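Each chain, letter by letter, is given below.
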Amino acid sequence: NASSTILRLADGANCNVIENEDLLEGNVNILLTNFKIDGNDANNTGTCHGIYFSIVTYSKIKNVWVYDVEDDGIFLNNYSDYNVISKNTIESVGSEGINLDNYSQYNIISENLIIDPHGSGGVMVGYPGSHSNKIIGNTIISPDHGIFVDDYVKNTLVANNYIKDCTYGGIQVKVGNTGTVIS
């Protein structure tokens, strides 16, 4: 799924492996493709995501293999809109495989393989205000919940996903959701 280039988090770095430069004003049109991320979880503590984007728009993450990170494999946070996350492999992460949170909207999460995430879901769409996202054609194996759509999320499409061996449930849609379609 990814090339032989490997980014390995150094022992004791205790940080995200990749994060966008401008966490206050944001960034546009970032392309991450064809490499591996080794989060080196055993030798790091604290908040350590594989990829962390905050206020990032119109970007793509494709054919990246993320494994052994302390927290989320890929985390789109704080108004990260119109991004595409596709054809990635995310394995053995300490929290969500892919997490959309804090008003992250209009993102497409498609054709990813997520194995053994330890958070609320293989894919998590979080409160508040993350809406109009599409979660399509993913394979999610051994999560707590395959796909977790949190409180008051709107207009989320969840379609054609394969979810297997969940601890709790395949798809959980929490209270106050409107316009969420599952097919």
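This write-up is about the structure you can find in this document. (Residues numbered from 1 in each chain as written. Predicted model: local features only at pLDDT ≥ 70, side-chain atom pairs only at ≥ 80, totals over all residues. Heavy atoms only, no water.)

### Things to note about unusual backbone geometry
(1) Moving on: With a phi angle near 50 degrees, Asn102 is a residue other than glycine that sits in the positive phi range.
(2) Moving on: Looking at the element boundaries, Asn102 is found in the loop between strand S11 (98-100) and strand S12 (108-110).
(3) Moving on: Judged by relative accessible area, which is 23%, Asn102 ranks as partly exposed.
(4) Moving on: For Tyr103, which is not glycine, the phi dihedral falls at a positive 70 degrees.
(5) Moving on: Among the structural elements, Tyr103 can be located in the loop between S11 and S12.
(6) Moving on: Tyr103 gets classed as partly exposed once you look at its relative accessible area, which sits at 34%. (Helix = DSSP H or I, 4+ residues; strand = E, 2+ residues; numbered from the N terminus. Buried < 20%, exposed > 50% of the residue type's maximum accessible area, 1.4 Å probe, protein only.)

### As for the state of the cysteines
(1) Moving on: Under the counting rule described, the total for this entry stands at zero disulfides.
(2) Moving on: Cys48 takes part in no disulfide bond, and the closest cysteine sulfur, belonging to Cys15, lies 6.4 Å away.
(3) Moving on: Overall, the relative accessible area of 2% leaves Cys48 in the buried class. (Disulfide = S-S within 2.5 Å.)

As far as function goes, none of this settles anything; it's purely spatial.
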